[in-house]
Amino acid sequence: MFDTLSDRLTATLQNLRGKGRLSDADIDATAREIRIALLEADVALPVVKEFIAQIKQRAKGAEVHQALNPAQQVIKIVNEELVGILGGETRRLNLAKNPPTVIMLAGLQGAGKTTLAGKLARFLRGQQHTPLLVACDLQRPNAVTQLQVVGERAEVPVFAPHPGVTSDDETVTGDPVAVAKQAIEEANHAQHDIVIVDTAGRLGVDEELMRQAANIRDAVQPDEVLFVVDAMIGQDAVNTAEAFRDGVGFTGVVLTKLDGDARGGAALSVRQVTGQPILFASNGEKLEDFDAFHPDRMASRILG
Ligand code: GDP
């Protein structure tokens, strides 16, 4: 992840080392190199443009800093701007004042929603929460069973319609909206303070998928809707994110498969384009390959 981008940026910034003073031409040349590196990493063009404009403006207008040489000063600016496009501060989950907190997951099929549901449940259980996983992906064969498997591994109960019914209430059917509602009742009853609702995805964005997700959203009024996106799809993540923003709306993003050979475009574009923060990063197939997303750490990783 980010290897090529990281190498390019490091090499570009390395060229500035040893220079006593940076001319505007030096800054323009550096900005050009950074622009190419970002475009090659598949970062969305509007994000690249704004980033480069900021770097130029700040680097040219920078006061001479006592403690930093010019190269260090540019590196500091690039680092700060990277942290900025990645979201600035780490954004924590919004927890409801009156539990349960409802977290709904949305995204394309294969994005990693079900895996993430297990990871998030395990993560929250580790923070002394008592989550309940809810199987509302009733489209894909095996999705319910798959959630039950991750639930078992996370040691978190799963609320699901048949097969694997966990409620006595016979009105639970194959309707995901009904399942979601029943799950909230179950959470109230069994004192789960967080409900994580896994929803169906399609291979591509489609209206029915959006409608179903929007219906579930309306029924359970989630405190967070997390858009789950595979970092490997690069800039396509931006188009998908825009479709979900318009069709369902979301309050945060989870990047998955950051362990893969992703160039970085999704991570660097999605916050800026959608206006919503990245909350978590998923780094592998195991439940423990997961953490809160820290923009500053990610920026440091990119700058090597
Ligand atoms: P869903 O269709 O959105 O529910 O996606 P799944 O959770 O079923 O994940 C699709 C595939 O991606 C599965 O094979 C997962 O094991 C895999 N996967 C999920 N998250 C990650 C991740 O962070 N890294 C890697 N390498 N694979 C992942």
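A quick note: this is a predicted structure, and the numbers were derived from the prediction, not measured.

Chemist: Explanation requested: the overall build of the protein chain in the structure shown.
Modeler: Each helix and strand counted, the protein chain has 11 helices and 8 strands in total. Overall size of the protein chain, expressed as C-alpha extent along the three principal axes, is 75 × 35 × 30 Å. Here the analysis covers contacts within the protein chain between residues at least 6 apart in sequence; of these, 76% occur between residues at least 24 apart. Within the structure as shown, the protein chain displays about 14,000 Å² of accessible surface, and the carbon and sulfur contribution to it stands at 45%. Charge separation in the protein chain, taken as the distance between the mean sites of 31 positive and 41 negative side-chain charges, equals 7 Å.

Chemist: Explain the sheet that holds strand β2 (residues 131–136) here, please?
Modeler: Pairing between the strands of a sheet is mediated by backbone hydrogen bonds and can be parallel or antiparallel. Spatially, β3-β2-β4-β1-β5-β6-β7-β8 is the arrangement adopted by the 8 strands of the open sheet, whose pairing is mixed. Because the sheet does not close on itself, it has two edges, and the strands there are β3 (158–159) and β8 (290–292). Pairing of β2 with strand β4 (residues 194–199), which is carried by 6 bridges, proceeds in the parallel orientation. By the bridge assignment for β4, Cys-136 is matched with Thr-199. Those strands touched by helix α8 (residues 207–220) are β1 (101–106), β2 and β4, and its axis lies near 180 degrees from that of β1. Seen against the sheet, helix α9 (residues 236–247) touches β1 and β5 (224–230) and runs at an angle of roughly 155 degrees to β5.

Chemist: Looking at this model, I keep getting lost on the UniProt feature "domain: SRP54-type proteins GTP-binding" (unreviewed entry) in the protein chain. Mind explaining?
Modeler: In this structure's numbering, the residues bearing the UniProt feature "domain: SRP54-type proteins GTP-binding" (unreviewed entry) are residues 277–290. Measuring from the first to the last C-alpha atom of residues 277–290 gives 17 Å, for a span that is 0% helix and 43% strand.

Chemist: Looking at this structure, how should I read the confidence of the model for the protein chain?
Modeler: Atomic detail in the predicted coordinates should be set aside for any region of low pLDDT. In the predicted model, the protein chain carries a mean pLDDT of 90, and 95% of its residues have values of at least 70. In the predicted structure, residues 164–173 sits below a pLDDT of 50 and forms 16 contacts with residues beyond four places in sequence or in another chain. For this predicted complex, the interface confidence comes out at an ipTM of 0.99, alongside a pTM of 0.92.

Chemist: What is the right way to look at the pairing of β1 in this model?
Modeler: Side-chain direction in a regular strand flips from residue to residue, so the side chains alternate between the two faces of the sheet. In terms of residue burial, β1 counts as a mostly covered element, since 6 of its 6 residues are buried. Where burial is concerned, the two faces of β1 agree: the one with Thr-101, Ile-103 and Leu-105 and the one with Val-102, Met-104 and Ala-106 are both buried. With 5 bridges connecting them, β1 and β4 associate as parallel partners. Following the sheet pairing, Val-102 is matched in β4 by Val-195. Where β1 lies against β5, 4 bridges are found, and the strand directions are parallel.

Chemist: How should I be thinking about the pairing of strand β6 (residues 252–256) in this particular structure?
Modeler: Burial analysis of β6 places 5 of its 5 residues in the buried class, which makes it a mostly covered element. Burial along β6 is two-sided: the residues Gly-252, Val-254 and Thr-256 and Val-253 and Leu-255 are all buried. Relative to β6, β5 is paired through 5 bridges, and the arrangement is parallel. Bridged to Val-228 within β6 is Val-254. Read as a crossover between parallel neighbours, the route from β5 over α9 to β6 is right-handed. Bridge count for β6 against strand β7 (residues 278–282) is 3 bridges, and the pairing is parallel. Looking at the pairing, Val-254 lines up with Phe-280 of β7.

Calculation notes
Residues numbered from 1 in each chain as written. Predicted model: local features only at pLDDT ≥ 70, side-chain atom pairs only at ≥ 80, totals over all residues. Heavy atoms only, no water. Helix = DSSP H or I, 4+ residues; strand = E, 2+ residues; numbered from the N terminus. Contact = heavy atoms within 4.5 Å. Areas by Shrake-Rupley, 256 points an atom, 1.4 Å probe, with all protein chains shown as cover. Lys, Arg positive; Asp, Glu negative; His and termini not counted. Charge placed at Lys NZ, Arg CZ, Asp CG, Glu CD. Pairing = 2+ DSSP bridges. Axes fitted to C-alpha atoms, helices over the stretch in contact; angles between N-to-C directions. UniProt positions renumbered as here; feature names shortened; annotations may be inferred. pLDDT = per-residue confidence, 0-100. Buried < 20%, exposed > 50% of the residue type's maximum accessible area, 1.4 Å probe, protein only. Right-handed = clockwise from strand over helix to strand, strands pointing away.

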